[in-house]
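Structural characterization, general
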Amino acid sequence: MREILPNIDKASKEPMYLQLYKYIRDEIEKGFLGQGERLPSIRVLAGKLGISVTTIRTAYDQLSMEGYLINREKSGYYVGKLDYITEAYSMAYSFREQAERAQNRDPMIYDEECFDFVRWKKCCAHVLTHETKALLAEADVQGELRLREQIAKYVFQSRGVHSRAEEIVLGAGTQALINILAAILRRDGKQTIGFENPTYTMNQQIFDAQGFLTFNFALDKEGLLPDERAKKMQLLYVSPSHQFPTGIVMSAQRRSQLLAWATEQKSYVIEDDYDSELRYFGRPIPALKAMDKASRVIYMGSFSSTLLPSIRISYLVLPDALLDIYKKLKHTYAQGVSKVDQLTLCKFMEEGHYQRHIRRIRRLYSEKSARLSELFALHPRTRVISDTSGLFMIVEFDSSKSETQLAEKFVHAGIKATPLGSYYKTGAASQMPRLLIYFYNIEGKWLIDTIKKLCDEMD
């Protein structure tokens, strides 16, 4: 057990738990605290530093929530998997580096016509002018009640999900909420979780870092294909209405089987309802949670892709049993979403702007998707695999270049692209390279020539 000797300044305006949190986080990131190392117990460290047990516990719980530590019941706190932390920083740096090279067209900049800044500004101005009393009060750790009430109404109207405001937990992005959810599930005794293959690997890495045993299940045209290992799973993480990254929609029969499995095994299904509203053919697919009669589905949604990436507001709908655990834990967390953003979004929804915004961007993104599909269809060595929903399409290339090499060419040209193979834990998508091509920021003036040039330079 390594000695921890932070210099805690009790006279500082910075809270002591935050000073300790930063010290341990930096020691882990610099490699001075290695994976699996045990930290001093809360009471021992409190005695050595002369500060309260609550202060130590708050710092440890925050580090656990972010994946730096793993809390093993009746054993103590240990340093988490460093490959998760290192890879997260490496991926962020790599993407920033690529974006800077992208011919003055940053792939992360959304098309301005896809967001109603005028109405958003008016809602924000209303909050700053008329709701100052609310802004002077401390933020609700669970999220502002008014916004949770609006979300409850919206997910019922748009996704068929019955929920109450008290069941909803807000967080600053999906990863922040997954860390909280992992802590809740661990407290509930859950240890094994299955993911789809392919999947959004960052979310799986968070559960890895939190000490869960993670497994991957193959997909077929109906969605997740469970095998004998599913009987041993206590959790399954799925995106049934728009599987990331394949776009597969889980069939009604497979959904029923999944709910029957969860009920019989007394397990939970985590439903990541990723980009479910952005469906361009037919009506949006109802949520799995809408079919849940036994409270076995944990529902997760986000406003990040439907509003702006800078407005990071995501939410969980927790079953009552897990909500009780969250209430016991929530005093260890702080709300990471700006109260101004929460109340602005609430006003935006109360006045019906968000619902109109969804209809508008569905039409705009549908047009962009169709335009891009037509351009790829003109080239004999490209094939669009999936383009029915979301902010990207999957394109297959008849090329000797690797997926990474092709993706770099698109990023250099100002079009965000990622290799499909990077989302597979085992196996590969196909023998020919496939990319996720994002179209939310495409502009017609330069797109035609750019796509033609990129396709002509595949070898």
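See the structure above.
Here goes a summary of the coordinates provided. (Residues numbered from 1 in each chain as written. Predicted model: local features only at pLDDT ≥ 70, side-chain atom pairs only at ≥ 80, totals over all residues. Heavy atoms only, no water.)

Side note on the overall build of the protein chain
We count it as follows: Put simply, DSSP H or I for four residues or longer makes a helix, DSSP E for two residues or longer makes a strand, and each gets a number counted from the N terminus. Partly exposed residues are those whose accessible area sits between 20% and 50% of the maximum for their type, while under 20% is buried and over 50% is exposed, using a 1.4 Å probe and protein chains only. Contacts: residue pairs with any heavy atoms within 4.5 Å of one another. Accessibility throughout is a Shrake-Rupley quantity obtained with a 1.4 Å probe, and a residue counts as covered only by protein chains that appear here.
Secondary structure summary: the protein chain contains 15 helices and 14 strands in total. Looking at the protein chain as a whole, 53% of its 459 residues qualify as buried. In the protein chain, 70% of the contacts between residues at least 6 apart in sequence involve partners at least 24 apart. Summed over all atoms, the accessible surface of the protein chain reaches about 21,200 Å², with 51% contributed by carbon and sulfur.

Describing helix 10 (residues 252–265)
Keep this limit in mind: Under the convention used throughout, the expected extent of a helix is 1.5 Å for every residue step, that is, one less than its residue count. Here the arc refers to the set of directions running from the helix axis out to each C-beta atom.
In a regular helix each residue adds 1.5 Å, so 14 residues correspond to 20 Å; helix 10 covers 20 Å between its end C-alpha atoms and thus fits that length. Considered for burial, the residues of helix 10 that qualify are R254, R255, L258, L259, W261 and A262. For helix 10, the angular spread of buried residues about the axis comes to 155 degrees, placing them on one side. Residues of helix 10 that are exposed and point more than 90 degrees away from the buried face comprise A252, Q253 and E264. Directly beyond the C-terminal end of helix 10, a positive phi value near 55 degrees is found at K266.

Section: the pairing of strand 3 (residues 168–171)
Rules: Here, any two strands with at least 2 DSSP bridges between them count as paired.
Every second residue of strand 3 is oriented toward a common face, with I168 and L170 on one face and V169 and G171 on the other, all of them buried. Across four bridges, the pairing between strand 3 and strand 10 (residues 314–317) is antiparallel. Its bridge partner lying in strand 10, V169 is registered against L316.

Examining the environment of H331
The cut-off we apply is this: Pairs of N or O atoms within 3.5 Å make up the polar contacts considered here, provided that, within protein, one atom can donate a hydrogen while the other can accept it, and that residues adjacent in sequence are counted only when both atoms are side-chain atoms.
If you trace the backbone, H331 turns up in the loop between helix 11 (320–329) and helix 12 (339–350). Given the relative accessible area of 59%, H331 is considered exposed. Put simply, H331 and V141 are 190 residues apart on the chain and 7.7 Å apart in space, counted from C-alpha to C-alpha. A distance of 3.1 Å separates a polar side-chain atom of H331 from the backbone oxygen of K328.

Observations regarding the sheet that holds strand 3
Ordered by their spatial adjacency, eight strands build an open sheet running 3-10-9-8-7-4-5-6, and the pairing between neighbours is mixed. Edge positions in the sheet fall to strand 3 and strand 6 (223–224), since each has one partner strand and no second. Across three bridges, strand 4 (residues 192–197) lies against strand 7 (residues 235–238) in parallel orientation. By the bridge assignment, F195 is partnered in strand 7 with Y237.

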